[in-house]
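Each chain, letter by letter, is given below.
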Amino acid sequence: MTWARLVRYSACVVLTRYLILAAAASVLVALPARRGHGAPLDLRLGVEGGLATLADPAGGRNWGQFGALHAALGITDRLGLQVLNDHKRFAATSAPDRVDTLGLALVYNIDVARVTPFVELGMAQVRLRWITPAQETTWSSTVASTGAGFDYAITQRLLLGAVVRYYALFDSALFDRPGYTTLQARLSVLLPLWYPRRMRP
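Everything numeric in this text was worked out from a predicted model, so none of it was measured.

## Topic: the overall build of the protein chain
Helix and strand counts for the protein chain come out as one helix and eight strands. Counted from the first residue to the last, the protein chain has its helices and strands arranged as α-β-β-β-β-β-β-β-β. Within the protein chain, counting contacts between residues at least 6 apart in sequence, those at least 24 apart form 57% of the total. Roughly 11,100 Å² of accessible area belongs to the protein chain as shown, and the carbon and sulfur atoms make up 67% of that amount.

Next up, the structure:
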């Protein structure tokens with residue numbers, strides 16, 4: 001990794017960590033304010049399934065598949081805090097046979113409508129596992145992540161969408177040689193945690 005790329009990567013990691021800490025602090029401040037101003041509070045739970053591509057340090061690229069679970073809490077109508085647990089399996093013997101991801105991200109809704117596009121920025125703990133006849137080897141790292149997608153409101157409480165996410169693994173670049181990328185369809189349900197009395201169904 002060149003010095004310039006190392007500096008850019010380190011700055012991205014530091015900035016993202018501060019953004020996540022700021023988001024966590026804003027949750028503690030914003031939630032009582034939302035209740036005080038009569039704003040509804042929803043929790044979104046969802047399942048995801050799709051493909052993943054992994055570029056290893058040796059220059060190869062491998063494909064995997066499986067699914068993920070996510071939970072998101074709305075800070076405002078446009079801003080939310082999301083936890084993601086992603087699990088992918090790879091068939092290639094020269095690559096990790098399994099990649100597990102546990103991430104925390106800010107989610108920003110570009111528009112709030114029946115079709116809602118969004119972007120994500122966060123941090124993730126990524127764990128890779130290799131299995132050989134002799135031993136099992138694991139490697140893990142905390143990396144910056146980013147994503148973009150959309151949700152379509154089938155009903156008031158049921159959402160169908162898709163999302164692509166990029167994780168800055170190894171000596172990779174988003175538009176040059178992505179380290180670890182997932183593309184998934186997702187199905188989510190909105191659960192009302194609290195509603196002001198005048199808005200209760």
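From this point, the discussion proceeds with the structure in view.
## Here we look at the confidence of the model for the protein chain
Mean pLDDT over the protein chain stands at 77; residues scoring 70 or higher make up 67%. When pLDDT is averaged over each helix and strand of the protein chain, the minimum, 52, is found for helix α1 (residues 3-36) and the maximum, 94, for strand β7 (residues 158-167). Within the model, the stretch residues 33-39 combines pLDDT values under 50 with 16 contacts to residues more than four positions away or in other chains.

## What to know about the pattern of salt bridges
Note on pairing: side chains with opposite charge can pair once their charged atoms come close. In total, this model carries 10 salt bridges according to the counting rule given. Among the ionic pairs, Arg 165 bridges to Glu 48, the shortest N-O distance being 2.8 Å. In this pair, Arg 165 is assigned in strand β7 and Glu 48 in strand β1 (residues 41-55), connecting sequence segments 117 residues apart. The residues Arg 165 and Glu 48 share a single accessibility class, namely buried. A salt bridge links Arg 165 to Glu 120; the shortest N-O distance between them is 2.9 Å. In this pair, Arg 165 sits in strand β7 while Glu 120 sits in strand β5 (residues 115-131), placing the two residues 45 residues apart along the sequence. A network of salt bridges, in which partner residues are shared, links Arg 44, Glu 48, Glu 120, Asp 151, Arg 165 and Arg 186.

## As for a nonpolar patch on the surface
Together, Leu 45, Val 47, Leu 69, Val 115, Phe 150, Tyr 152, Ile 154, Leu 158, Leu 160, Leu 187, Val 189 and Leu 191 line one region of the surface with nonpolar side chains, adding up to about 920 Å² of accessible area. Elements with a minimum of two residues in the nonpolar patch: β1, β6 (136-153), β7 and β8 (180-194). With three residues, β8 is the single largest residue contributor to the nonpolar patch. Locating Leu 187 in the fold gives a position in strand β8.

## Things to note about the nonpolar core
Formed by 13 residues in total, the largest nonpolar core has its most connected members in Leu 54, Val 99, Val 126, Tyr 167, Leu 169 and Tyr 180. Here the element with the most residues in this core is β5; it accounts for three residues.

## Observations concerning the pairing of strand β3 (residues 79-90)
In terms of strand pairing, strand β2 (residues 61-74) meets β3 through 11 bridges, oriented antiparallel. The residue of β3 that forms the bridge with Phe 66 is Lys 88. The hairpin turn running from β2 into β3, its antiparallel successor, is four residues long. Across 11 bridges, the pairing between β3 and strand β4 (residues 98-109) is antiparallel. The residue of β4 that forms the bridge with Gly 80 is Val 107.

About the thresholds
Residues numbered from 1 in each chain as written. Predicted model: local features only at pLDDT ≥ 70, side-chain atom pairs only at ≥ 80, totals over all residues. Heavy atoms only, no water. Helix = DSSP H or I, 4+ residues; strand = E, 2+ residues; numbered from the N terminus. Contact = heavy atoms within 4.5 Å. Areas by Shrake-Rupley, 256 points an atom, 1.4 Å probe, with all protein chains shown as cover. pLDDT = per-residue confidence, 0-100. Salt bridge = Lys/Arg side-chain N within 4 Å of Asp/Glu carboxyl O. Buried < 20%, exposed > 50% of the residue type's maximum accessible area, 1.4 Å probe, protein only. Patch = residues over 30% accessible without salt bridge, like charges linked within 9 Å, V, L, I, M, F, W, Y side chains within 5 Å. Core = buried A, V, L, I, M, F, W, Y, C linked by side-chain atoms within 4.5 Å. Pairing = 2+ DSSP bridges.

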